[in-house]
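# A closer look at the structure
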Amino acid sequence: MIILALIRISRGQAEGHPSMAQLSGIRNLFGVCVYSFMCQHSLPSLVTPISKKRHVNKLVLLDYVLILAFYSLLSFTAIYCFRNSTLMDMYTLNFTNCDVVSLAFIRYFLGLFPVFTISTNFPIIAVTLRNNWKTLFHREGGTYPWLVDRIVFPAITLVPPVLVAFCTHDLESLVGITGAYAGNGIQYLIPACLAYCSRKDTQLVFGSGTVNKHLSPFRHTFWIVFVLIWGFSCFVFVTANIVLSEAKL
């Protein structure tokens, strides 16, 4: 998509004329930022195979720099390539037009790309969520009835996303809501609390004099407080965005 957008721009077919800044978009920016931070999900698979972790901090930093570079390149080529009024929330759908991409295979592939990713990820995520439900309501020494195990847990896992898919087509609002609420807890609140509690537990187990050679440069408690404040800010701004958008309607 980046290459196709650059080709279109280089041929003088670019339609985008973005403004320098649009303050009204800040409200939804927070939710989108939280959602885009899902790139951190790949970090465990990146760090685990590394046997000698002497330079792991530099590798993680390089990984984030590359992610930021691709995000920036994808975003800037999009806003200059397509007109703001016609730029669709599902970015791949902008390339299904014959005027943008002449090769039919590429048009169909990019148009169906979200279907491919969701079809492969959704079953895995659904099974994981179902198992989490079972663990959450697990009773020591007890087993679930067949109806609960085979019907109730799969139903409470599958029904909500299916209903959301049928009820809304506004991806911008959907990304903002999921990012600011569910993503907020998963990516900011829970990790910050885990980091704080694990550091306290480590001091009790190993003593305060123990030196961790893989110590994070963000080890100060200030960064935990900063993450919590940032998460709360995302929550407030996206909530304000939803309320103000509904008020206009």
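Let's shift gears to the overall build of the protein chain. Across its full length, the protein chain holds eight helices and zero strands. Each helix and strand of the protein chain, ordered N terminal to C terminal, gives the series α-α-α-α-α-α-α-α. Taken across its 249 residues, the protein chain has 19% of its residues classed as buried. Sequence-distant contacts, at least 24 apart, represent 69% of the contacts inside the protein chain between residues at least 6 apart. Of the roughly 18,200 Å² of accessible surface on the protein chain, 71% is carried by carbon and sulfur atoms.

Bringing the packing of helix H5 (residues 104–136) against helix H6 (residues 146–167) into the picture now. Look at H5 against H6: their axes get within 10 Å of each other, and the N-to-C directions meet at 125 degrees. It follows from the interaxial angle that H5 and H6 lie oblique. In the crossing of H5 with H6, the sense of the turn from one axis to the other is right-handed. From H5, Phe122, Ala126, Leu129, Arg130, Trp133 and Lys134 reach across to H6, where they touch Asp149, Phe153, Pro154, Ile156, Thr157, Leu158 and Pro161. When the residues that make up the contact of H5 with H6 are grouped by side-chain class, the tally is nine nonpolar, one polar and three charged.

Turning to the state of the cysteines, a few remarks are in order. With the rule as written, the count across this model stands at zero disulfides. Of all cysteine sulfurs in the structure, the one in Cys193 sits closest to Cys197, which takes part in no disulfide; the separation is 6.3 Å. Among the residues examined, Cys197 registers a relative accessible area of 48% and is labelled partly exposed.

So, about the pattern of salt bridges. Per the stated rule, a full pass over the model turns up four salt bridges. Notably, a salt bridge pairs Arg8 with Glu15, separated by 3.2 Å at the nearest N-O pair. Among the residues examined, Arg8 registers a relative accessible area of 8% and is labelled buried. On the accessibility criterion, Glu15 (28% relative accessible area) is partly exposed. The salt bridge partner of Asp149 is Lys134, with a shortest N-O separation of 2.8 Å. Taken together, the residues Asp149 in helix H6 and Lys134 in helix H5 connect sequence positions 15 residues apart. Residues participating in the shared-partner salt-bridge network are Arg8, Glu15 and Arg83.

What follows concerns H6. Look at H6: 31 Å from first C-alpha to last across 22 residues, which is about the 32 Å you get at 1.5 Å a residue. Buried within H6 we find Asp149, Phe153 and Thr157. Elements in contact with the buried residues of H6: H5.

Averaged over every residue, the pLDDT of the protein chain is 80; residues scoring 70 or more account for 90%. Per-element mean pLDDT across the protein chain ranges from 67 in helix H2 (residues 26–36) up to 88 in H6.

This part covers the packing of aromatic side chains. Given two aromatic rings, their pairing is described by the distance between the two centres and the angle made by the two planes. Under the definition given, this model contains 13 aromatic pairs. Aromatic side chains Phe218 and Trp223 sit 5.0 Å apart centroid to centroid with 85 degrees between the ring planes, which places their arrangement in the edge-to-face category. Residue classification places Phe218 among the partly exposed residues on the basis of a relative accessible area of 48%. What makes Trp223 partly exposed here is its relative accessible area of 32%. When the centroid spacing of 5.2 Å and the interplanar angle of 70 degrees are considered together, the rings of Phe222 and Trp223 count as edge-to-face. For Phe222, a relative accessible area of 46% corresponds to the partly exposed category. Cluster of aromatic residues (ring-pair linked, three or more members): Phe105, Phe109, Phe113 and Phe116.

To continue, consider helix H4 (residues 56–81). Compared with an ideal rise of 1.5 Å per residue, which puts 26 residues at 38 Å, H4 spans 37 Å between its outermost C-alpha atoms and is within 8% of the ideal. For H4, the set of buried residues is Val56, Asp63, Ile67, Thr77, Ala78 and Cys81. Where H4 is buried, its residues touch helix H1 (2–10) and helix H3 (43–47).

Reading the values: rules and limits
Residues numbered from 1 in each chain as written. Predicted model: local features only at pLDDT ≥ 70, side-chain atom pairs only at ≥ 80, totals over all residues. Heavy atoms only, no water. Helix = DSSP H or I, 4+ residues; strand = E, 2+ residues; numbered from the N terminus. Buried < 20%, exposed > 50% of the residue type's maximum accessible area, 1.4 Å probe, protein only. Contact = heavy atoms within 4.5 Å. Areas by Shrake-Rupley, 256 points an atom, 1.4 Å probe, with all protein chains shown as cover. Axes fitted to C-alpha atoms, helices over the stretch in contact; angles between N-to-C directions. Parallel < 35°, antiparallel > 145°, perpendicular 65-115°, else oblique. Left-handed = near helix turned anticlockwise from the far one by under 90°. Nonpolar A, V, L, I, M, F, W, Y, C, P; charged D, E, K, R; others polar. Disulfide = S-S within 2.5 Å. Salt bridge = Lys/Arg side-chain N within 4 Å of Asp/Glu carboxyl O. Expected span 1.5 Å × (residues − 1). pLDDT = per-residue confidence, 0-100. Phe/Tyr/Trp six-rings, centres within 6.5 Å; stacked < 30°, edge-to-face > 60°.

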